[in-house]
Structures are given as structure tokens and as C-alpha cells.
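Notes for the structure review
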Amino acid sequence: MNRIPEFHRARVTLTTASLALAAAFALPVARLGAQATAVKGGAIPTPASVLGWEPGTDRKLPTWKQVTTYFRALDKASPRVSVRTLGKTVQGRDFIVAFIADPATLASLERYRQIQRKLMDPRLRMQGELQGLLDRGKNVILITSSIHSTEVGGFLTPFVLADRLARGNSAEVRSILSNTIIMLVPSQNPDGVDIVGDWYRSTLDTPAEGLQPPMLYHHYTGHDNNRDWYAFTQPETRYTIDSLYTPWVPQIVNDIHQQQSNAGRIFIPPYMDPLEPNIDPILTAGTNALGTSMAWRMVSEGKVGIATNASYDQWSPARQFSLNHRGVRILTETASARLATSMNIPFSALGTARGYDARVQSWNFPVLWKGGRWGIGDIVAYQSSATWALLSQAARDRRQWLEGYATLGDRALAENHPWTMDSLVPTAYVIPKQQKDPQAVQRLLWTLQHGMVEVRETTAPVAAGGTTLPAGSYAVVIRQNFGSYANALLQPQRYPNLREYPGGPPKRPYDVTAHTLPLLFGVDAIPVYGDVAVSRAPIGAVAEPAYSVAGLTGNASRRIGIYRSYSASMDEGWTRWIFDSYKVPFTTVVDRDLRAGKLNDRFDVIILPDQGAAAIARGLGGNYPDSLRGGVGEDGARALNEFVENGGTLLAFNEASEYAIEALKLPVKNVLAGVRNTEFYAPGSLLGVTFDRANPIAAGHTATASAIWFQHSPAFEITDPARARAIATYQASGDPLLSGWLLGGDRLNGKAAMVEATVGKGKVVLYGFRPQYRGQAVSTLPLIWDAIGRGPAQ
């Protein structure tokens, strides 16, 4: 007998968590509707009336103040546009969204949101209600732009789209407005609009014009802000999830990006293989159909250099929240210029990207770009053309989109799991309440609920994994609205062994290959394949933990420095985020601080985040200002050596370990140095190790499965055991892969993953992994805290 509660469609109401979210968001949405009914007047502003120039003008970028001024002016003047502020960014700027639709729709947004929820969740529909919902519903479209702030066309394309929708009167515009509800986020990273814009304007007419800024364009994450879509660490991610995805669950998401300059002019899906196995084929097919339709229209308009089925894959939920939540994701990647400075690219300088050659016509690259001038105006034109093609098709085929959307809900609750080809899907994952790290358990529950996953409790003991789990344990049942998403995050990944050609090198994934939260967080979540008795109602909303670490939170007695290179490292940003989140005081250290020496006067511990040895040693060069060039240099290397000799502690994360080995002449070597990827390859995977529990640095590690995040990482061999010892070691034989993709795992057998080396009165700790990976590697954070040395609790 199936003891999972039956899903009675006519009678089951919103879950506890969903009720809380609905209550939280109903009022703002209702206010939006009321605002849209108010009398609006005055001339509708043009972008140029606010900017002083047309979007796409060479060497011109807006400030975030100009962006918000324009959209708020549009809100006041146009009955088709309603803007609201969702919150403040990391650096305190307004994060805004513009709802765009015909005035009658905007006046009744809450009504349409309720229709959308009933289409999404079959448990909310009365018998015979579906056809009426399909007749009345709208195709809800979320457009996000410029999350990556050096992709500056995304600052401007929202101006063009909003202007055309607010002032246009063609039959096509009217069709879009009457059949869709558009949620336009002008920038997913408002801080970056000013970080990059201010840098760019400061370099005009200098040799540095058009160069990348020497700092992260998101305060903590840089480019990784688009890898935060299941961890939800940043406020900007949360605003989009909490205020747009959760209350609306859109059918289509258009994510506007840019790519390198020397291949195609724009990428549009279909994506390349592999597919994440938990994504419903309806969404894959919808993505393919919509992307192909967009490319067809753009070619008909005379656009060239359009690539499909290339470069980007459909694997990680870290950047594909919508594909795991009922919405197709249309990523567009337009060729970049030198920020807003144009460039000339001869045809002979074009090259290959994954899946095509920009100089060769092919089925997925049907029209060549012949080279020439390419600038910000071209970027805005291609981005606007692509999004407009999406909007037109979405409006024209509104009912088909809604029918597929409703079917997705039925499939999510089906007993045979038609959304996956996997033959073995757990009934549920059971999470014991009593675990060694309660804070990690709490974060796992919060993370799952934040991704719209329902968590229940078991009502009877559960036999699984050779043990019996007590009644009252947490349970994530897979037959629920977003059970496929939960399965993706809770199961180990098995990335396919893809090669460039038979017997050739591995086919590089677009990003990483693992995303198993129990391994990352160090929490036991046991898959159960038989009957599981669970509570009918899910548990209430779990609060995010108040992150803390005994002896370090709020304690400045350990003087900690975190190195920041002007060749900006995302890992440095994530390191700061971890320390700020856990309220561990630190000081940022730059090249000139290290070169100045006398580091023991200021610091007890210095951390080198993950970065290549050459980037640390040499830093920026070329046309950057002299004050930013040169890296740590020889003076900095000597100062670091003196710092450790005199009793300091140096922590080196991942690739930075190689710098420490070279600069401090440590008795350690990286056994993977120079090894070809045909012999060893691990592009972002979770590997198993064994810790030396007698070492105080490993004392705080509590996870049952000792997993580390391995990404372009070293593996160590100690050459002088009198001066160094292993803290973590790979197994003596066999494959250490726990999740992701690993080739040549036997090269790790018996090697060290973490080493402590003695230098004079001090020590160096080498991490052959990223212990704070993207703010997610909770299980290995104690390896940082205990290497620093925890002071007395405050």
C-alpha cells in the first residue's frame, strides 16, 4: 500500500510554506494592481529623455540612478507599466522589477496570479475548472538582464524593450500585452551597473579603456552570482526567487547575457548535452522549440552569426532555476565588445566555440558574420531582437504554453515519475533530526523550502540504508510539485563521460558537474525506495540559521587577513562572504600591503583564496594603471615567508597552494602538475577523503561522508615527512568520486588532499580543494576555523 498522502485535487489547499509565501506576496501584488488602475498621465518618457543619448550609443553607459529614474518615470506615465522595489542590494541600491501588460491585466494582477497557481498546482483545481483557466490565463514571462555586469548591453536592452512595450501600438505589441504578463528585471545586479560603469568612465581615453575592472562586479560573488540559484546566498537572488519565481512560477524565463567576441554574434537554445536527468522533457522540448523559433525569426530579419545547440549545456540547477521549476530557460549570449567601446574583428580572427566554427556554415550556425565593426549598438540590437522574437511567439501560442504548463503539474504528482528517464526514483529522502551539525541541518531545510520544496515528518520508523530511522524524522517526498528539483539536489550526480571524439579528451562541461547538498552541507539524507508514512501537512517554514562559529564569531583576538588580488578572484569574494556571514572579523590585504612587509605586526593568520600561482605572483599587467600592476612580487613573497617564519599561519586554498609551495619552498609537490586531461580530469566534483582525527585542524569536521570540493585542484605528495604531515588523504585504491565526474581517479590513490607544513615558528596549511566553495561547502568550513585557531567563546 502506498502510504504517501493522496493528493486530493479539489480539497487540498496550499501547503503551510506556500501559504506563508502567498500571504507575504499577495499584498504587494494586490497593491501593484491597484496602482495600475490609478490615473496615469503626461508624456511617456523616452530612454533618451532620461539618459541624454540613445541606448546603444558608443562609449555610453548608464548609472543605476538613471535606470531607476527612467523606469519610475515610465511607471508614472504609462498604464502598461507598474514598477516596484523588491529590496536593497548588498551595497544598498534599489532592486526593482517592472510588470508590463495591458492596463486591464495590471489592474487584476492578483486574479491572474491565482489562475497561474491553479494551472501550476493540480491540487488546487476543482473538477472541470481547467478549461476556463486555460481560456483566461496569461503566459507569464520573467526577463532578467545584466546579472554579469561586464556584459554591458544588458544595462541598455531593458530600456529598448520597455519603451517599445509602453509606447508601441502595432498589432504585435497589442498581442504581447494582452496575452502575457512580463516581469522585467532591468538588472539582476544593480551594484555592478555602477561598479563597471564607474570603472569604464574613469578609463575613457586612457590605455585601460575597455578593460575588465580590477575588482569583482558583485561585492561577494563576481561572475558566480549566476551560480546562486539553489543556495540563495545573495539578497539579489532571493528577491527574484521570493517575489517573482515563488508567487508566479513563470512559464518562460529569458536570461540576457553576453559571451566572447570572436565567435558567433549570439547564442540561442537548444542547449548542448548533457541534460540534467530531473528536468521534465516538456521543458526541454519547449526550450528547443522557442529558441529555434527565435533564431528563425532573427535570420529572417537579416541577423547573422546565430548559433544554436552550442557552447552551453542544461545541467546544473545552480544557474537554471526555471528549468527545475516549470519554466523554460532561454539564455541568450550576445558577442561582447570592449565594454561599451567598439572593436574591429576581421573574419580571419573569428574562431571556434563548442559545437561550431564561426567561419564555417553549419546546420546550427546557418548564416556567417563576415567580420567588421562590433559595438554596444550591435549588442543591444541583437539582444532586443531576440527577446522581442520570444515575446511575440509566447503571445501567439499562449494557450499551447498554458496547456503544457498544466500538464507539467500532473506529471510532477504522477506515481511513475514521467519527468525522468531514471528507472529508480526514491519514494522520499529521510533526514534524521539528530545530527552532529544542527546548523547544517537547518540550512538544508531552509534551502529546500526556499526552492519551493515541501518537507514533512515521518509518522513511523523507516528502515533504510541498513538502519532504522525514527519517527519524527524529516522527509522530502518526491511526489510533490517540485520533487524533481529536490531529487536533483539530494541525489549524487553521475555526469556522463562525454568526449570530444571517440578516445579523445573529455568534453568540457560549461560549469561544474556536482550539486549534491547533503555532501556539501555534511548532512545525512537517506533515500528510501519503499513505503514511507509521513504527515499529511508539511512542516512550517524553517528560518535561515544565525550563522556562528564558537570562539571566532564577534572575536577579533585572532588578527585575520584575506588577500585580494587586483586580478579579481571570485573565491576571494566567497571567502569574505563566509567570514561576514559568520561574523568573523578580518582585514582585506592587497598587493602593496604584502610587499610592505612586517606582516606579523598586523596579522596572526593570512588567507590566500583560490587563485593561480602566476596571477598571485604577477597580478595585472598590460594597460592597467601602474598602481594596480605587479601582483605580490618578490617583495611580497619574502614578506610572506618571514611572516610564517616568525610564527604566522598561512592558509592557501586550492590552486593558491601551488603559489605557497613555490614561494615558501615547502616540502610538498603537486602530483597532478602537468598531467593531461586525457589522464586526469575533475571539473567540479565531490570526492571522498579520510581525515586524520588526531590533528586539531580536523577536530571540528563532523560529516559522516567526508566530501571535498575538487575543481582544478592539486593533490599533494610530501617530500619531507619531518616538516609536513597530511591532514586529509585519498583512499589507497579505487575511485574516490562521490558525485560529479572524475577521470583517472587512481592518480589520487594514497595522495594527500590537505597538508600542514612547518616553516620556522609558524605553519602553512595547504587545501587541495575549495573549503568554502561558493558559500555551499558547509561541511569543510570547520577546517578553516580550526586552522585559524578558535579563541575563547565570546
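Residues numbered from 1 in each chain as written. Predicted model: local features only at pLDDT ≥ 70, side-chain atom pairs only at ≥ 80, totals over all residues. Heavy atoms only, no water.

A look at the packing of aromatic side chains
Describing an aromatic ring pair means giving the distance of the ring centres and the angle of the ring planes. Heads up, the condition is: Note on aromatic pairs: the rings of Phe, Tyr and Trp (six-membered ring only in Trp) are paired at centre separations within 6.5 Å, and the planes decide the class, stacked below 30 degrees, edge-to-face beyond 60, tilted for the rest. The secondary structure listing takes helices from DSSP runs of H or I that are at least 4 residues long and strands from runs of E that are at least 2 residues long, numbered from the N terminus. In this scheme, a residue with accessible area under 20% of its type's maximum is buried, one over 50% is exposed, and one in between is partly exposed, where area comes from a 1.4 Å probe on protein chains only. Both a distance and an angle decide whether a charge sits over a ring: NZ of Lys or CZ of Arg must be within 6 Å of the ring centre and within 35 degrees of the ring normal.
Summed over the entire model, instances satisfying the criterion amount to 29 aromatic pairs. Ring plane angle 55 degrees and centroid distance 6.1 Å describe the contact between F71 and F159, whose orientation is recorded as tilted. Taken together, the positions of F71 in helix 3 (residues 64-77) and F159 in helix 7 (residues 153-167) put the pair 88 residues apart, joining distant regions of the chain. Look at F159 and you get buried, because its relative accessible area is 0%. Ring geometry for F267 and Y312: centres 4.9 Å apart, planes at 50 degrees, overall tilted. Separated by 45 residues along the polypeptide, F267 in strand 6 (residues 266-267) and Y312 in the loop between strand 8 (306-307) and strand 9 (313-314) bring together distant segments of the chain. When sorted by exposure, F267 lands in the same class as Y312, which is buried. By way of ring pairs, the aromatic residues W229, F232, Y245, F321, W446 and Y485 are connected into one cluster. Positioned above the aromatic ring of W388 is the side chain of R164, whose terminal nitrogen or guanidinium carbon lies 3.8 Å from the ring centre.

Things to note about the packing of helix 5 (residues 109-120) against helix 10 (residues 235-248)
Our working rule: Orientation is described by axes fitted as lines to C-alpha atoms, over the contacting stretch for helices, and by angles from 0 to 180 degrees between their N-to-C directions. Every angle not falling under 35 degrees, over 145, or within 65 to 115 is termed oblique; those three ranges are roughly parallel, roughly antiparallel and roughly perpendicular. Every residue pair with non-hydrogen atoms within 4.5 Å of one another is taken to be in contact.
In the contact formed by helix 5 and helix 10, the axes pass within 9 Å of each other and the chain directions differ by 60 degrees. When the axes of helix 5 and helix 10 are compared, the pair comes out oblique. On helix 10, the residues touching L109, Y112, R113, Q116 and R117 of helix 5 are T246, P247 and W248.

Points about the packing of helix 7 against helix 12 (residues 376-396)
The condition that has to hold: Throughout, a crossing is termed right-handed when the near helix is turned clockwise from the far one, and left-handed when it is turned anticlockwise from it by less than a right angle.
As a packed pair, helix 7 and helix 12 sit with axes 9 Å apart at the nearest point and diverge in direction by 50 degrees. Put simply, helix 7 runs oblique to helix 12. In this structure, the crossing between helix 7 and helix 12 has a hand that is right-handed. From helix 7, G153, G154, L156, T157, V160, L161, R164 and L165 reach across to helix 12, where they touch I376, I379, V380, Q383, S384, T387, W388 and L391.

Points about the sheet that holds strand 4 (residues 180-185)
Here is the rule: When DSSP finds two or more bridges between two strands, those strands count as paired.
Reading across from one edge, 1-2-4-3-5-10-6-8 is the order of the eight strands in this open sheet, with mixed pairing throughout. Only two strands of the sheet have a single neighbouring strand rather than two, namely strand 1 (81-88) and strand 8. As judged from the five bridges shared by strand 3 (residues 139-145) and strand 5 (residues 252-259), these two strands associate in the parallel manner. Bridged to I141 within strand 5 is I252.

So, the environment of G327
Mapped onto the secondary structure, G327 falls in the loop between strand 9 and strand 10 (328-335). Judged by its relative accessible area of 0%, G327 falls in the buried class. The sequence separation of G327 and V140 amounts to 187 residues, and the corresponding C-alpha distance is 9.4 Å.

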